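# Per-entry structural report
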Number of protein chains: 2
Amino acid sequence: MQYDFENPMIAVDLLVFTIADDRLKIVLVERGEDPFKGRLSLPGVFVRKGETLDDAAQRGISEEAGLSDIYFEQLYTWGQLDRDPRRRIISVSYLSLVDCARIHLSAGERTSSAVLYDVEDLLSSDECLAFDHRDIIAYGRERIKNKTEYTRIAFEFLPEEFTLPQLQRVYEILLGRQLYKANFRRKIAPLIEDTQKMTSGDAHRPSRYYRQKPDAE
Amino acid sequence: MQYDFENPMIAVDLLVFTIADDRLKIVLVERGEDPFKGRLSLPGVFVRKGETLDDAAQRGISEEAGLSDIYFEQLYTWGQLDRDPRRRIISVSYLSLVDCARIHLSAGERTSSAVLYDVEDLLSSDECLAFDHRDIIAYGRERIKNKTEYTRIAFEFLPEEFTLPQLQRVYEILLGRQLYKANFRRKIAPLIEDTQKMTSGDAHRPSRYYRQKPDAE
């Protein structure tokens, strides 16, 4: 028996999250062409012949948002039949968490602008995004919560030395909920160490600076 | 500027892990056709027109290993250029963890046999697997370790009521290392509750039966 196998095009779509203005944000672009012309979408490109998925991810974020040398990890591959009105296109999504100091957006070849969007506002609004990109963003946002619970990604958003209120605030933004100070400090204690330095404390009581304990479990 | 985009075929490759004979095992098939005829490989199929990735995963495990109704989660998508000698083929891999009582293997259409293989033996041997399937299996094995640390998957390999030595042994097999009894029991205590039942204890001291605490954090 002979079957028709699928020969889809492969898109790579990029979720670049950062913390800015005390909020979780994501890089989006406004589509400059159909389908979904004028709608917000994730930056992304089609995989070219001779190009790996990882190579396409690097090229995509550079071409669409003017960013380079960003570390990505693969998130999920989206293969619903009707996700693109043109033809069967499978999207491999990639996730990145970036210090906002590294983000200097510029427009790409096929995009009129790249912008930082507030993630919680976006997901609670009825803003219509291109393709299934709302689902992809919601999935990425959940992955960040899980990574925050189980890994040390929160520290990537902080300078080397930080105060406990700064650290707690980053955890709260990434988890999307407020934390009790006493519980938080008990759980975080094994991961950090005292630097023996204090903030100047002009307006407030001085705070102690901590750093990540390098050999913590 | 016009570029040549890739129109690859999409394979779905399936990692079905189980615990049998006190070891972590995986379902492999012997390839019945070239390339890599006669070599061990993961069960897998090409995605057909009109078929989602998840649909293809269910069809693949049924056609290649005679198993059905298995819960899969997507693992990773493999897009190296030279991973298949025929042409560009991108593989979406899926992971499943199954109670070995549910595994009754039969040969598939294009496979001469489906077998349970010892994962640690396989990864430490120089057995040459088809395609990049050794890499995929190694990646899946790491994912299981992580899921064991951070989730409750270990309980899926046990009956509803179990003894602490049984539970510890499942954790050891999934993590691939021995655990200290006292440490293990301290860490696991918040997740389980006493059933008030005891084993008969013919040959040994009787053991207490526990069950998973449904509302544990």
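Residues numbered from 1 in each chain as written. Chains lettered and ligands numbered in written order. Predicted model: local features only at pLDDT ≥ 70, side-chain atom pairs only at ≥ 80, totals over all residues. Heavy atoms only, no water.

## A few points about the pattern of salt bridges
Residue and element names in this part refer to chain B. What counts is decided by this rule: Any carboxyl oxygen of Asp or Glu that lies within 4 Å of a side-chain nitrogen of Lys or Arg is treated as forming a salt bridge with it. Numbering goes from the N terminus for both helices and strands, where a helix is a DSSP run of H or I of at least four residues and a strand is a run of E of at least two. Accessibility here uses a 1.4 Å probe with only protein chains present; expressed as a share of the type maximum, an area under 20% marks a residue as buried, one over 50% as exposed, and anything in between as partly exposed.
Summed over all chains, the structure comprises 39 salt bridges over all chains. With a closest N to O distance of 2.7 Å, Arg83 and Asp132 form a salt bridge. Here Arg83, found in the loop between β5 (73-78) and β6 (89-97), pairs with Asp132, found in the loop between α2 (119-124) and α3 (133-150); they are 49 residues apart in sequence, far enough to count as distant. Taken individually, Arg83 and Asp132 each receive the classification buried, so the pair is uniform in this respect. Arg177 is the salt-bridge partner of Glu149, the closest N and O atoms lying 3.6 Å from each other. Within this pair, whereas Glu149 is found in helix α3, its partner Arg177 is found in the loop between α4 (164-175) and α5 (181-188), the two being separated by 28 residues in sequence.

## Structural notes on the domain arrangement of chain A
Residue and element names in this part refer to chain A. Definition in use: By convention here, the domain bounds are inherited from an automatic or database domain assignment. Any pair of residues with heavy atoms lying within 4.5 Å of one another is described as a contacting pair. Here the quantity called buried area is the total loss of accessible area, with a 1.4 Å probe, experienced by two parts when brought into contact, counted for both. The term polar contact refers here to a pair of N or O atoms within 3.5 Å; inside protein, the definition further demands a hydrogen-donor-capable atom paired with an acceptor-capable atom, and it admits residues adjacent in sequence only when both atoms are side-chain atoms. For this classification, Asp, Glu, Lys and Arg are treated as charged, while Ala, Val, Leu, Ile, Met, Phe, Trp, Tyr, Cys and Pro are nonpolar and the rest, including Gly, are polar.
When its domains are assigned, chain A resolves into domain 1 (9-150) and domain 2 (154-212). The distance between the C-alpha centroids of domain 1 and domain 2 comes to 30 Å. Contacts between the two partners involve 13 residues from domain 1 and, on the opposite side, ten residues from domain 2. For the pairing of domain 1 and domain 2, the buried interface totals around 1000 Å² over both sides, and the portion due to carbon and sulfur atoms is 63%. Of all residues in domain 1, Ile19, Asp22 and Thr148 bury the most surface against domain 2, accounting for 49% of the area lost on that side. One can count two salt bridges joining domain 1 with domain 2. Here Arg169 and Asp22 are joined by a salt bridge, their closest N and O atoms 3.1 Å apart. One can count three residue pairs in polar contact (both at pLDDT 80 or more) joining domain 1 with domain 2. Looking at which element gives the most residues to the side of domain 1 that touches domain 2, the answer is helix α3 (residues 133-150), with five residues. Taken together, the residues of the side of domain 1 that touches domain 2 break down into six nonpolar, two polar and five charged.

## Points about the relation of the copies chain A and chain B
As a reminder of what qualifies: Least-squares fitting of one copy onto the other uses the C-alpha atoms of those residues that reach a pLDDT of at least 70 in both copies.
Each copy superposes on the other: chain A lies on chain B with an RMSD of 0.0 Å after a rotation of 180 degrees and an axial shift of 0.0 Å. Expressed as an axis order, the relation between the two copies is that of a two-fold axis. When C-alpha distances to the rotation axis are compared across chain A, the minimum falls at Asn7 of chain A, with a value of 2.6 Å. The residues that chain A uses at the interface reappear at the interface of chain B in 100% of cases, marking a shared surface.

## Here we look at the layout of surface pockets
Short version of the rule: Of the grid points, spaced at 1 Å and generated over the protein atoms alone, those admitting a 1.4 Å probe that cannot get out make up cavities, while open sets with protein on both sides within 12 Å along at least five of seven lines make up pockets; any residue with an atom within 4 Å of a point is treated as lining. Grid points are joined across faces, edges and corners, and a volume is the space filled by probe spheres set on the points.
Size it by volume and the largest pocket reaches roughly 2100 Å³. Around the largest pocket sit 39 residues that line it, and Glu149 and Tyr150 of chain A together with Glu149, Tyr150 and Lys187 of chain B are the ones nearest its centre. The set of elements that each furnish at least two residues to the lining of the largest pocket consists of α3, α4 (164-175) and α5 (181-188) of chain A together with α3, α4 and α5 of chain B. Grouping the constituent residues of the lining of the largest pocket by class yields 19 nonpolar, nine polar and eleven charged. Each pocket or cavity is described by its volume, and for the second largest pocket that value is around 1000 Å³. Glu73, Arg143 and Lys147 of chain A together with Arg143 and Asn146 of chain B are the residues nearest the centre of the second largest pocket, which is lined by 28 residues in total. When residues of the lining of the second largest pocket are traced back to their parent elements, those giving at least two are α1 (53-65), β5 (73-78) and α3 of chain A together with β5 and α3 of chain B. Class assignment of the residues belonging to the lining of the second largest pocket gives a composition of eleven nonpolar, eight polar and nine charged.

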